[in-house]
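Here is what each chain is made of, one letter per residue.
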Amino acid sequence: MIEPRPIVEARGIHKHFAALHVLKGVDLLVAERELVFVIGPSGSGKSTLLRCLNRLEEPSSGSVVVDGIDLLDRRTDLNHARQRIGMVFQSFNLYPHMTALGNVTLALRKVAGKSRAEADEIGHAALARVGLADRADHRPGQLSGGQQQRVAIARSIALEPRVMLFDEPTSALDPELVGSVLGVMRSLRESGMTMVVVSHEMGFARAAADRVVFMDHGLIVEQGAPAEIFESPAHERTRAFIGQIQRH
Amino acid sequence: MSNWDRFVETFFNARVMARYWPDIVEGLWLTIGLAALIVVTGLIAGLVLALVRALGVRVLNWAIIFVVDVFRALPPLVIIVLIYFGLPSIDIAPSGFVSTWISLGLVLMAFSEEIFWAGITAVPRGQWEAARSTGLGFGETLAYVVLPQALRITIPPLTNRTIAITKGTALGSVVAVTEILGQASSAVSNSYNPSPLTLGAAAYLLLFLPVVVFGRWVESKFAWRR
Ligand SMILES: Nc1ncnc2c1ncn2[C@@H]1O[C@H](COP(=O)(O)OP(=O)(O)OP(=O)(O)O)[C@@H](O)[C@H]1O
Ligand SMILES: [Mg+2]
């Protein structure tokens with residue numbers, strides 16, 4: 001059997017911020033339809049790694065190939081490639097001057113070249129998928145945090161990405177709103193979306209993740225099935241970290 | 001003659017006013033034209049500079065900051081006089097009208113660039129990142145995501161500044177521009193009576209009061225919740 005090529009191939013990623021060495025040679029391969037969870041202490045470089053995967057952050061060295069596209073090649077049309085890589089942020093980052101539908105359709109119209117009618121149709125479908133069909137005309141300011149984050153997810157999935165990156169999608173939410181966002185992420189997973197998720201939602205990781213990656217000080221310390229990492233981590237640092245977040 | 005009669009005779013002399021009001025109206029039209037030119041060119045130039053600055057090319061940014069600081073520091077009258085009396089020595093002889101237009105246009109450019117720039121930088125970085133992550137380019141992100149938000153923050157200080165600088169058209173009277181104050185002053189010296197100045201003040205009110213009220217309206221309209 002031939003191993004299918006991973007959809008995300010990041011190899012030997014280093015990242016320096018001036019004198020700060022934030023990523024120290026990280027390899028991350030993600031297979032199609034896989035859900036990879038990335039955990040680790042604050043400052044370990046999780047966000048930086050994720051942002052290297054769509055080149056919001058420029059790796060100092062290494063290679064990033066997503067869906068066969070070499071993101072670090074100067075000839076790559078980055079804006080085209082980024083449509084295949086959805087990203088969801090901790091702080092939602094919805095456009096406050098546009099409606100939910102406007103948020104979802106902007107890139108469809110301006111980048112994917114859809115007409116307004118086509119874009120609206122796709123946008124309504126995307127909003128329906130995140131359970132917000134009736135909120136299309138609301139501004140972000142009129143939506144709860146959970147609803148805003150679901151609009152942000154709709155904004156990404158409307159572009160039919162091949163992989164979705166989530167950077168702590170629920171950490172800015174009140175506890176009672178977390179479930180609605182995790183519900184949407186679970187249904188995305190069930191539809192076969194490839195996902196890389198930075199989050200400390202252990203319950204979700206146990207239920208939905210294929211693999212958990214533990215990072216510390218700019219390196220992947222260990223990775224494996226959720227049960228393996230959470231119940232019997234091989235490294236002392238992993239054990240200490242898991243113990244710490246479970247106490248919360 | 002009572003004091004009151006003397007006051008009316010001095011500032012509201014009907015005969016003088018009847019004689020000179022067409023001059024004041026002429027000055028009013030000229031002021032409107034001059035002000036419109038200053039506002040349009042000054043704001044466009046300021047916006048263009050702020051957009052160039054957003055590109056983040058270091059050398060360009062230093063140049064922009066230098067120019068902007070110079071025109072914010074110099075008194076507008078000094079710039080007008082420099083252009084009107086200074087340029088002819090290198091064989092460029094702009095009229096008083098053009099000198100005033102260029103000077104106040106540059107001043108408005110400088111102040112509005114700073115205001116536009118402050119608006120652009122006030123838009124959170126996450127807005128750029130979200131837009132870029134969906135494949136929007138730099139220009140598209142600026143046009144559809146950042147500028148609409150920046151302009152809203154910008155409008156109150158921008159209207160104030162624009163009004164303040166446009167009122168500087170009165171400085172044109174120093175370099176023989178026949179705007180409102182220029183017309184009124186020559187009418188005063190011809191009639192030996194200050195009533196034309198009263199007319200001039202009325203003309204300024206007629207011109208700028210609606211603008212100030214409009215500014216208030218725009219401010220309230222754009223004060224929107226995030
Ligand atoms: N733009 C930047 N400029 C300078 N330093 C940065 C920048 N972005 C991140 N860093 C630094 O890089 C290190 C890793 O940051 P990163 O955000 O990747 O950590 P993280 O694992 O996501 O942490 P957290 O759990 O707190 O989000 C931190 O020390 C951070 O201060
Ligand atoms: Mg982070």
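Residues numbered from 1 in each chain as written. Chains lettered and ligands numbered in written order. Predicted model: local features only at pLDDT ≥ 70, side-chain atom pairs only at ≥ 80, totals over all residues. Heavy atoms only, no water.

Student: Would you mind going over the overall build of chain A with me for this structure?
Tutor: When helices and strands are counted, chain A shows 9 helices and 10 strands. Relative to a compact globule of 248 residues, whose C-alpha radius of gyration would be 18 Å, chain A shows 18 Å and is just as compact. With the C-alpha coordinates of chain A rotated into their principal frame, the extents come out at 55 × 45 × 45 Å. Across the 248 residues in chain A, those meeting the buried criterion constitute 54%. Taking the intrachain contacts of chain A between residues at least 6 apart in sequence as the baseline, contacts between residues at least 24 apart amount to 64%. Counting only carbon and sulfur atoms, one obtains 48% of the accessible surface of chain A, whose full area is about 10,800 Å². Counting 29 positive and 29 negative side-chain charges, chain A places the centres of these two groups 4 Å from one another. (Helix = DSSP H or I, 4+ residues; strand = E, 2+ residues; numbered from the N terminus. Rg over C-alpha atoms; globule rule 2.2 N^0.38 Å. Buried < 20%, exposed > 50% of the residue type's maximum accessible area, 1.4 Å probe, protein only. Contact = heavy atoms within 4.5 Å. Areas by Shrake-Rupley, 256 points an atom, 1.4 Å probe, with all protein chains shown as cover. Lys, Arg positive; Asp, Glu negative; His and termini not counted. Charge placed at Lys NZ, Arg CZ, Asp CG, Glu CD.)

Student: Is there a simple way to think about the sheet that holds strand S6 (residues 85–88) of chain A in this case?
Tutor: The strands making up a sheet are joined through hydrogen bonds of the backbone, oriented either antiparallel or parallel. Residue and element names in this part refer to chain A. As summarised here, the arrangement of the 6 strands in space is S6-S7-S8-S3-S9-S10, forming an open sheet in which the pairing is mixed. Each of the sheet's edge strands pairs with one partner strand only, and the pair in question is S6 and strand S10 (219–224). For this sheet the average axis-to-axis angle between neighbouring strands, irrespective of direction, equals 20 degrees. In this structure, strand S7 (residues 163–167) lies alongside strand S8 (residues 194–198), joined through 5 bridges in parallel fashion. Looking at the pairing, phenylalanine 166 lines up with valine 197 of S8. The sheet contacts of helix H6 (residues 175–190) involve strand S3 (35–39), S7 and S8, and relative to S8 the element is tilted by about 150 degrees. Sheet strands in contact with helix H9 (residues 236–246) are S3, strand S9 (211–216) and S10, and its direction is about 100 degrees off that of S9. (Pairing = 2+ DSSP bridges. Axes fitted to C-alpha atoms, helices over the stretch in contact; angles between N-to-C directions.)

Student: I would appreciate a short explanation of the site of ligand 1 in the present structure.
Tutor: Residues and elements named next belong to chain A. Around ligand 1, the neighbouring residues are Phe17, Leu20, Val22, Pro41, Ser42, Gly43, Ser44, Gly45, Lys46, Ser47, Thr48 and Glu168. Between an oxygen atom of ligand 1 and a main-chain N or O atom of serine 44, the distance comes to 3.2 Å. A total of 630 Å² of accessible area belongs to ligand 1 in isolation, and the protein chains cover 61% of it. Looking at the shell around ligand 1, the elements with two or more residues in it are strand S2 (20–30) and helix H1 (46–52). Looking at the shell around ligand 1, the element that brings in the most residues is H1, giving 3 residues. Residue classes in the shell around ligand 1 are distributed as 4 nonpolar, 6 polar and 2 charged. (Near = heavy atom within 4 Å. Polar contact = N/O pair within 3.5 Å; in protein donor to acceptor, adjacent residues only side chain to side chain. Nonpolar A, V, L, I, M, F, W, Y, C, P; charged D, E, K, R; others polar.)

Student: Help me out: how do you make sense of the pattern of salt bridges in this one?
Tutor: Once the charged atoms of two side chains with opposite charge are near each other, the side chains can pair. What the rule picks out here adds up to 19 salt bridges over all chains. The network of salt bridges with common partners includes Glu32, Asp67, Arg84 and Arg162 of chain A. (Salt bridge = Lys/Arg side-chain N within 4 Å of Asp/Glu carboxyl O.)

Student: Is there a simple way to think about the interface of chain B and chain A in this case?
Tutor: When the parts of a complex come together, some accessible area is lost, and that lost area is often taken as the interface size. Across the boundary between the two partners, chain B contributes 19 residues, which contact 23 residues of chain A. Taken together, both faces of the contact between chain B and chain A bury some 1,900 Å²; the carbon and sulfur share is 58%. Contact with chain A buries area across many residues of chain B, yet Ser133, Thr134 and Tyr144 of chain B alone supply 29% of it, more than any other trio. Scanning the region where chain B abuts chain A turns up 1 salt bridge. Residue arginine 51 of chain A pairs with glutamate 129 of chain B through a salt bridge whose shortest N-O separation is 2.9 Å. Elements with a minimum of two residues in the side of chain B that touches chain A: helix H6 (125–133) and helix H7 (138–166) of chain B. Taken together, the residues of the side of chain B that touches chain A break down into 7 nonpolar, 7 polar and 5 charged. (Buried area = accessible area lost by both parts, 1.4 Å probe.)

Student: Would you mind showing me how to read the sheet that holds strand S4 (residues 61–66) of chain A here?
Tutor: With antiparallel pairing, the 4 strands of this open sheet are ordered in space as S2-S1-S4-S5 (chain A). Strands at the two margins of the open sheet, each flanked by one partner only, are S2 and strand S5 (69–70) of chain A.

Student: Which parts of the structure should I look at to understand the side chain of serine 199 of chain A?
Tutor: All names here are of chain A. Within the secondary structure, serine 199 sits in the loop between S8 and helix H7 (202–208). Since its relative accessible area comes to 5%, serine 199 is described here as buried. A distance of 3.0 Å separates the side chain of serine 199 from the backbone nitrogen of glutamate 201, its partner in a polar contact. For serine 199, the contacting residues outside a window of four places in its chain are Phe37, Val38, Ile39, Pro169 and Thr170.

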